[in-house]
Amino acid sequence: YENSASIEDAGIILVNTCSIRENAEQRVFGRLDRFLQEKKRRPVTVGVLGCMAAHLKEKLLEHPAVDLVAGPDSYRRLPQMLGMIDSAHSSQVDVLLSKEETYADIIPEKSICDGITAFISIMRGCDNMCTYCIVPYVRGRERSRDPYTIIEEAKKLYLKGFREVNLLGQNVDSYLWKSSDGNLTFADLLKMTAQIAPDLRVRFSTSHPKDMSDEVISVMASFPNICKHIHLPVQSGSDRMLSKMNRKYDRERYMDRIYKIREILPEATITTDIIAGFCSETEEEHGMTMSLMEEVRFDSAFMFQYSERPGTLASRHFPDDVPPAVKTRRLNEIIELQNEISLERNRRHIGQSFVILVEGTSKRNKAELYGRTSGNKVCIFPAGDFKVGDYVELTVTGCTSATLMCANAHKVNHD
Ligand code: 5AD
Ligand code: SF4
């Protein structure tokens, strides 16, 4: 098989899906209707992969466009399943979850990407059972990937010209590899990745406030190429909500992590996830989320309305009783406050200098390039003679709540 540039040229269409909120799933159903039109014109095989496959097997099979349904742990069987569809003309399903599968020995072909920044999956699944969250049900048990295959993948990417790797897991702080030589933690893995090359940037997400250790913060401080950005989802500022969400930390513990990060990594960017209108949330508890946002002053945030997910503990035991209009109003208040804080956080950078890794040409203006600071802030600057993959030092001259506008760029070399 090879990749095609457009749907019209494709013989097989595979949709990779997310189930985290209901609107993600609705978008996929919209897409399947579109593929059905394509299917009426010519023979084409349509497969749904990922979390929705695990969550909605039957409903997907009922859709006239769908020939194949494969859950997150079934991708090794894709060639075989596609072969069966061709030879037996029957639809194929495999949504079994595994306790072991990490795809450790499968190194993705990244040659079709722009080739500067890459994502590496270091673990799969999640055992945290936050009461609102469907991930443990569709991704299965938490398991860590063999660290030597992670390092091998990162080294291969570096040799291909990649200059940034992003280590991914639902809760990277609980990464653990047990072997006869002893246990290897996330802090160890981070160190090993950072040692590959001084001009390979290392990022990671997601950290969990209940597990994030001082050691990880110290490792970040001791390697200049580990980017100074921590994504630390808080979800709510109310202890009653945090407990009802089964997050296993309270506001005090969360603030303790923030103070620790600010003490050891004063320049670090801190971002978060927030849920508005979780079951039985009162106006006062919503106010506590807003006051926590004021207290921390996050650089940016992903903000959501609570969306009830079938099968979760919350859906079984807690009524989804905050009216939609109230959820929307609370979310809008949260977004408005965060926009003000993001703008203020970015304004502090005006006049400061940063080293960025050039990632591409700005979508708005071809004469401009963009890249990110170590703290993950997007910078836009005049293209000059710079190219993708260069490290460039520049000065911030202006900003919006989402972007830094920069000038006085010059190339920097790593020796
Ligand atoms: N409703 C709304 N937001 C959710 N998230 C996870 N589950 C839900 C849900 N049922 C959010 C959390 C998490 C992010 C990835 O998605 O904030 O950190
Ligand atoms: Fe979901 Fe909680 Fe696991 Fe994150 S830590 S994936 S919110 S269950």
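Report on the accompanying structure. (Residues numbered from 1 in each chain as written. Chains lettered and ligands numbered in written order. Predicted model: local features only at pLDDT ≥ 70, side-chain atom pairs only at ≥ 80, totals over all residues. Heavy atoms only, no water.)

Quick word on the packing of helix H10 (residues 251-264) against helix H11 (residues 283-296)
Where H10 contacts H11, the axes come no closer than 11 Å and their chain directions differ by 15°. Put simply, H10 runs roughly parallel to H11. Between H10 and H11 the crossing geometry is right-handed. Here Arg251, Tyr254, Met255, Ile258, Tyr259 and Arg262 of H10 lie close against H11, whose contacting residues are Met288, Ser291, Leu292, Glu295 and Val296. The residue inventory of the contact of H10 with H11, partitioned by class, reads seven nonpolar, one polar and three charged. (Axes fitted to C-alpha atoms, helices over the stretch in contact; angles between N-to-C directions. Helix = DSSP H or I, 4+ residues; strand = E, 2+ residues; numbered from the N terminus. Parallel < 35°, antiparallel > 145°, perpendicular 65-115°, else oblique. Left-handed = near helix turned anticlockwise from the far one by under 90°. Contact = heavy atoms within 4.5 Å. Nonpolar A, V, L, I, M, F, W, Y, C, P; charged D, E, K, R; others polar.)

Comments concerning the site of ligand 2
Every residue lining ligand 2 is accounted for by Cys126, Asn128, Met129, Cys130, Tyr132, Cys133, Val135, Pro136, Gln170, His208 and Arg247. For the shell around ligand 2, the class distribution of residues is seven nonpolar, three polar and one charged. (Near = heavy atom within 4 Å.)

What to know about the site of ligand 1
Inspection of the region around ligand 1 gives Ile20, Arg21, Tyr132, Gln235, Asp273, Ile275, Phe304, Gln305, Tyr306, Ser307 and Arg309 as its neighbouring residues. Separating an oxygen atom of ligand 1 from a side-chain N or O atom of Gln235 is a distance of 2.6 Å. One nitrogen or oxygen atom from the main chain of Ser307 is found 2.7 Å from a nitrogen atom belonging to ligand 1. With the chains in place, 87% of the 410 Å² that ligand 1 exposes on its own is no longer accessible. Residue assignment for the shell around ligand 1 shows that the elements contributing at least two residues are strand E13 (269-276) and strand E14 (300-305). Classifying every residue of the shell around ligand 1 gives five nonpolar, three polar and three charged. (Polar contact = N/O pair within 3.5 Å; in protein donor to acceptor, adjacent residues only side chain to side chain. Areas by Shrake-Rupley, 256 points an atom, 1.4 Å probe, with all protein chains shown as cover.)

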